Every structure is written in structure tokens, then in C-alpha cells.
Amino acid sequence: MKDPKLRELDERAFQRRLNPILRVYAAAMRPPDDQLPGRNTIMARHARYPRFRALVAEDPARFPVLGGRIAGFTYGFHGGGGQWWHDVVYRELERRGGPELADRWMGDSFEVAELHVRPEAQGRGLGRRLLTTLCEGREEATVVLSTLDLDPDSPARNLYRSVGLTDLLTGFAFPGGGPPYAVMGGALPLAAYRSASSSS
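Residue positions are counted from 1 within each chain, in the order its sequence is given. Two thresholds apply to this predicted model, a pLDDT of at least 70 for residue-level local features and 80 or more for giving and counting side-chain atom pairs, whereas whole-chain, interface and lining totals are computed over all residues. Where side-chain values are given, they derive from all heavy atoms of the structure, hydrogens and water being excluded.

- The protein chain appears in an unreviewed UniProt entry as GNAT family N-acetyltransferase from Actinomadura rayongensis.

1. Description of the overall build of the protein chain
Next, step 1: What counts as a helix is a DSSP run of H or I of at least four residues, what counts as a strand is a run of E of at least two, and both are numbered from the N terminus. Along the protein chain, the regular secondary structure elements total seven helices and seven strands.
Next, step 2: The order of α-helices and β-strands along the protein chain, N terminus first, is β-α-α-α-β-β-α-α-β-α-β-α-β-β.
Next, step 3: Atoms considered for the radius of gyration are the C-alpha atoms alone. The globule rule reads 2.2 Å times the number of residues to the power 0.38. For the protein chain, whose C-alpha radius of gyration is 17 Å, the value lies close to the compact-globule estimate of 16 Å for 200 residues.
Next, step 4: Its C-alpha atoms put the protein chain at 55 × 45 × 30 Å along the principal axes.
Next, step 5: Classification of the 200 residues of the protein chain by burial places 46% in the buried group.
Next, step 6: Residues are treated as being in contact if the distance between any of their heavy atoms lies within 4.5 Å. Restricting the contact set of the protein chain to residue pairs at least 6 apart, pairs at least 24 apart contribute 69%. Only protein chains enter the accessibility calculation, which uses a 1.4 Å probe; a residue whose area is less than 20% of its type maximum is buried, one above 50% is exposed, and one in between is partly exposed.

2. Overview of helix 7 (residues 155-162)
Next, step 1: Turning to helix 7, its buried residues number three or more, namely Arg 157, Leu 159, Tyr 160 and Ser 162.
Next, step 2: Tucked into the core, helix 7 has its buried residues touching strand 4 (109-117), helix 6 (126-135), strand 5 (142-148), strand 6 (166-172) and strand 7 (181-187).
Next, step 3: Just downstream of helix 7, Gly 164 is the residue with a positive phi angle, here 100°.

3. Quick look at unusual backbone geometry
Residues apart from glycine generally show negative phi values, whereas peptide bonds are mostly found in trans.
Next, step 1: Residues Leu 188 and Pro 189 are joined by a peptide bond in cis, for which omega reads 0°.
Next, step 2: Located in the positive-phi region is Arg 30, a residue other than glycine, with phi close to 50°.
Next, step 3: Mapped onto the elements, Arg 30 comes out in the loop between helix 2 (18-29) and helix 3 (36-46).
Next, step 4: Of note in the backbone geometry, Arg 51 takes a positive phi value of approximately 55° without being a glycine.
Next, step 5: A relative accessible area of 46% places Arg 51 in the partly exposed class.

4. Some words on the pattern of salt bridges
Next, step 1: Each salt bridge in this description consists of a side-chain nitrogen of Lys or Arg and a carboxyl oxygen of Asp or Glu lying within 4 Å of one another. Enumeration over the complete set of coordinates arrives at eleven salt bridges.
Next, step 2: Salt-bridge contacts for Glu 92 lead to Arg 95; the nearest nitrogen and oxygen are separated by 2.7 Å. One end of the pair is Glu 92 and the other is Arg 95, both in helix 4 (residues 84-97) and three residues apart, which spans about a single turn.
Next, step 3: Assessed through its relative accessible area of 11%, Glu 92 is described here as buried.
Next, step 4: What makes Arg 95 exposed here is its relative accessible area of 61%.
Next, step 5: Taking the shortest distance from any N to any O, the salt bridge between Arg 157 and Asp 149 comes out at 2.7 Å.

Quick look at the structure:
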């Protein structure tokens with residue numbers, strides 16, 4: 001089986017493919033159906049943020065005539081004041097560690113907003129390929145993201161640690177309710193991949 005091919009999308013191409021991208025999100029996250037219209041709106045807004053970059057992983061063996069089925073996707077942008085996630089995280093880092101800590105992580109950051117792989121395509125390194133390719137060549141000083149904090153040894157948390165990200169916040173509840181999240185950050189460029197079984 002060939003590895004899915006990574007394709008970069010600009011803002012317009014991303015907007016055109018939002019429906020199949022949302023289907024990957026739904027398959028990976030299993031949100032209630034009534035949350036998907038709101039997620040569509042959020043993703044469309046994110047595509048207009050500064051220095052937006054998106055990647056999809058296409059499996060051409062699935063639908064060769066249609067250009068491949070999307071097996072996974074990721075996107076991010078330059079974080080800044082006036083963006084909801086950025087401002088919420090900045091304030092919490094400032095509250096816990098002072099403005100120097102908040103500025104160090106959020107002052108010149110690349111925010112990875114979404115990274116999802118279809119369940120049947122997981123466990124083959126596709127998430128790592130998407131993440132590392134997305135972050136290649138970025139000019140920001142740091143990369144930051146949030147991920148569910150239900151299991152500190154989840155595959156997602158281990159992936160992020162393997163490329164140099166560390167916990168900035170844990171057990172964090174975003175405004176509006178929902179499960180606890182961990183906010184993680186690392187320096188750019190990302191560290192070389194280090195497996196969880198590597199000796200220190």
C-alpha cells in the first residue's frame with residue numbers, strides 16, 4: 001500500500017474542500033452532529049488568518065478519478081492578539097507564570113489549530129508526517145497547540161513530545177465548558193523525531 005500523498009492547500013483550495021475535511025474531523029473526533037456547522041464556520045475563519053498553511057493527506061488508491069480520498073489533514077497560522085485561542089492561552093500563561101512566560105511562548109507563535117487522521121489510517125506515522133511537514137520552514141519562534149488531556153500517554157501526546165513539544169498547561173478548561181485540554185509548545189524548527197522508547 002502506498003503512503004498517502006501530502007498536498008498543500010492555499011486558503012481558497014482549503015475552503016473548497018472543507019466538506020471532506022470536516023468528514024475526517026468527524027471520523028477522528030466523533031463530535032455530536034450539531035457541532036459540525038460551528039466547526040465549519042471556525043475553520044473557514046481560520047483560513048483567513050495570517051500566514052495560513054494547510055495540508056491534506058490523500059490516498060489515491062481509494063478514489064483515483066477524484067484525486068484521492070483525504071486520509072488526514074492539518075493546518076495552522078501565525079498566532080496573534082485578537083484570535084480567541086491565542087488570547088485565552090496567553091492570559092492563562094500570564095496568570096500562571098507572568099508576562100515573560102506568556103510572551104516567550106505566544107509572542108511569535110505558529111498555532112497548529114487542527115491535526116486529524118482517519119481512524120483506519122492511524123498508527124502508520126501519518127500524523128507525524130503531517131505535523132513535521134506543516135512546521136517545515138516556518139519563521140515563527142515557537143509552535144503551540146492544544147490537545148485533549150484525558151490521558152497523558154495518549155498517542156497524540158506522545159507524538160507531540162517526540163518532536164520536542166512540552167506541556168505548558170494541563171487540565172485546562174477553555175471558556176464555554178468541555179473536557180480538559182493540555183496546551184503544548186516547542187521551539188521551531190521541531191526537534192528530530194525521538195521515539196518514546198529511546199534512552200535519555
